[in-house]
Amino acid sequence: MSNGKGLRTIVVGTDFSEDATAALGWAETIARDHGAHLVLVHAAPSEVLPAPEFIPLPAEYYERIHAESRQRLEGIAAEVRQRGLTVDCELLLSLPANGVLDVAARRNADLIVVGTRGQTGWKRALLGSTAARLVREATCPVLVVHPQDAGPPRPVRTIVVPTDFSEDASLAANAAAKLLGELGGERRLVLLHAYRCPIEAAHLPAKVLMDALRDAERAAQQSLESLAATLRRPGLTIDTMAREGYPPEVIVELARTAKADLIAMGTHGRSGLGRFLLGSTAERVLPTAPCPVLTVHRPS
């Protein structure tokens, strides 16, 4: 996210699918909370063939598709403006991820919002693969919205932040705090560290294993409190939790029980026997989360 308080520019990728409509709804809610400007992006196919096996199509086909896409994009923007928000449209002749990344860079976006998957078929952008690439490559946070996340807009007030105390996880915690901003009403961050013993530990004596788990929980709580101290501000409640278990399952379950509006997590974490990999954890949490997922990573 760019410097300064709050969010100023939010880029929304769309292929006009139901997933994209759900993503736009969340983007509008966040933009309204922050007084941010929306940029609606659609990538249309160009006459350049994506692979040799595709047959060439008449140029007028592309002209018609581009005109229809422009009309639909402007129609959506007009509806957004009627709801009291400011929005620009960008129609690009490129691959979907390339288009969204290009606009986000040019606009110095604070946030990208995208659906988990889109319409299928060669003529439509696959937001599934697009979302995966945006999560890997975007230099700003990416909010991935599921189809089941659609519904009446609700303000973002509770965010679960899984952490392995890596740099990516710390960036995610800061991004979550910034997303909550200085909004009125109760705001809550739930910092979570999930840990588990390697399978080899099953051969240890019960007391040794219990002592190791107790030590791990104590160390995790200390690290969680240290992180919480850097994020505390008036009006923001921060809870800390250290739980034993398979990290993706622990994260998803806590998000449900805490009735989280979002999960915010780094895309890569610490490696090694004593740490779980937030990279693989993020991949498992994204499709199963009960709410949208905000992903953040260090610029390469």
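Every chain's residues receive numbers from 1 upward, in the order its sequence appears when written. Reporting in this predicted model follows two pLDDT cut-offs: at least 70 for local features of residues, and 80 or more for side-chain atom pairs to be given and counted; totals over whole chains, interfaces and linings ignore these cut-offs and use all residues. Each side-chain value is worked out from all heavy atoms of the structure, with water and hydrogens disregarded.

1. Quick look at the overall build of the protein
Turning to step 1, where the next piece is worked out: Of regular secondary structure, the protein possesses 8 helices and 10 strands.
Turning to step 2, where the next piece is worked out: Here the protein, with 300 residues, has 51% of them falling under the buried criterion.
Turning to step 3, where the next piece is worked out: Per element, the accessible surface of the protein, about 14,400 Å² overall, is 54% carbon and sulfur. Helix and strand labels come from DSSP, where a helix needs a run of H or I of at least four residues and a strand needs a run of E of at least two; each type is numbered from the N terminus. Each residue gets one of three labels from its accessible area relative to the maximum for its type: buried under 20%, exposed over 50%, partly exposed in between, using a 1.4 Å probe on protein chains only. Exposure was quantified through the Shrake-Rupley algorithm and a 1.4 Å probe, taking into account, for residues, occlusion by the shown protein chains and nothing else.

2. Comments concerning the nonpolar core
Turning to step 1, where the next piece is worked out: With 52 residues, the main nonpolar core has Ile10, Leu38, Leu143, Ile159 and Leu189 as its most contacted residues.
Turning to step 2, where the next piece is worked out: Contacts between residues were defined by any pair of non-hydrogen atoms, one from each residue, lying within 4.5 Å. The residues touching Ile10, leaving out its near neighbours within four places in the chain, are Ala27, Ile30, Ala31, Ala36, His37, Leu38, Val39, Leu111 and Val113.
Turning to step 3, where the next piece is worked out: Put simply, a nonpolar core is a bunch of buried Ala, Val, Leu, Ile, Met, Phe, Trp, Tyr and Cys residues held in one set by side-chain atoms that sit within 4.5 Å of each other. Leu92, Val252, Leu286 and Cys291 belong to the second-largest nonpolar core, a separate cluster that totals 39 residues.

3. A few points about the sheet that holds strand β6 (residues 158-162)
Turning to step 1, where the next piece is worked out: A pair of strands is considered paired only if DSSP assigns at least 2 bridges between the two. Strand order in the open sheet formed by 10 strands is β3-β2-β1-β4-β5-β10-β9-β6-β7-β8, with mixed pairing between adjacent strands. At either end of the open sheet lies a strand with only one pairing partner, and these are β3 (87-93) and β8 (236-244). Taken pair by pair, the neighbouring strands of this sheet meet at an average axis angle of 20°, ignoring direction.
Turning to step 2, where the next piece is worked out: Here β6 runs beside strand β9 (residues 262-266); their pairing, made up of 2 bridges, is parallel. Note on β9: the bridge partner recorded for Val160 is Ile263. Axis definition: a line fit to C-alpha positions, over the contact stretch in the case of helices; interaxial angles, taken between N-to-C directions, run 0 to 180 degrees.

4. What to know about the side chain of Thr29
Turning to step 1, where the next piece is worked out: Structurally, the position occupied by Thr29 is in helix α1 (residues 18-34).
Turning to step 2, where the next piece is worked out: According to the relative accessible area criterion, Thr29 is buried, its value standing at 8%.
Turning to step 3, where the next piece is worked out: The residues touching Thr29, leaving out its near neighbours within four places in the chain, are Pro153, Arg154 and Pro155.

5. Some thoughts on the side chain of His193
Turning to step 1, where the next piece is worked out: Within the secondary structure, His193 is located in strand β7 (residues 187-195).
Turning to step 2, where the next piece is worked out: On the basis of relative accessibility, which here comes to 6%, the residue His193 falls in the buried class.

6. Quick notes on the pairing of strand β5 (residues 142-145)
Turning to step 1, where the next piece is worked out: Alternating residues of β5 divide into Val142 and Val144 and Leu143 and Val145, and every residue in both groups is buried.
Turning to step 2, where the next piece is worked out: Two strands pair when backbone bridges link them, and strand β4 (residues 111-115) and β5 are joined in this way by 4 bridges, in the parallel orientation. By the bridge assignment for β5, Ile112 is matched with Val142.
Turning to step 3, where the next piece is worked out: Two elements, β5 and strand β10 (residues 293-296), share 3 bridges in a ladder whose sense is antiparallel. Bridging from a neighbouring strand, Val142 pairs with Thr295 of β10.

7. Section: the pairing of β6
Turning to step 1, where the next piece is worked out: Most of β6 is tucked away, with 5 of its 5 residues classed as buried.
Turning to step 2, where the next piece is worked out: The alternating pattern of β6 places Thr158, Val160 and Pro162 and Ile159 and Val161 on opposite faces, both of which are buried.
Turning to step 3, where the next piece is worked out: Pairing of β6 with β7 involves 5 bridges; the strand directions are parallel. When the bridges of β7 are listed, Val160 appears paired with Val190.

8. Notes on the pattern of salt bridges
Turning to step 1, where the next piece is worked out: Definition used for salt bridges: Asp or Glu carboxyl oxygen within 4 Å of a side-chain nitrogen of Lys or Arg. By the definition in use, this model includes 13 salt bridges.
Turning to step 2, where the next piece is worked out: In this structure, Arg70 engages Glu74 in a salt bridge whose closest nitrogen and oxygen atoms are separated by 3.8 Å. Note that Arg70 and Glu74 are positioned in helix α2 (residues 59-82) at a spacing of 4 residues, about one turn of the helix.
Turning to step 3, where the next piece is worked out: According to the relative accessible area criterion, Arg70 is partly exposed, its value standing at 34%.
Turning to step 4, where the next piece is worked out: Residue Arg188 pairs with Asp239 through a salt bridge whose shortest N-O separation is 2.7 Å. Remark: Asp239 occurs in strand β8 and Arg188 occurs in strand β7; sequence separation between them is 51 residues.
Turning to step 5, where the next piece is worked out: Beyond isolated ion pairs, a larger network of salt bridges with shared partners links Asp88, Glu90, Asp102, Arg106 and Arg107.

The quantities given are spatial measurements derived from coordinates; they are silent on function.
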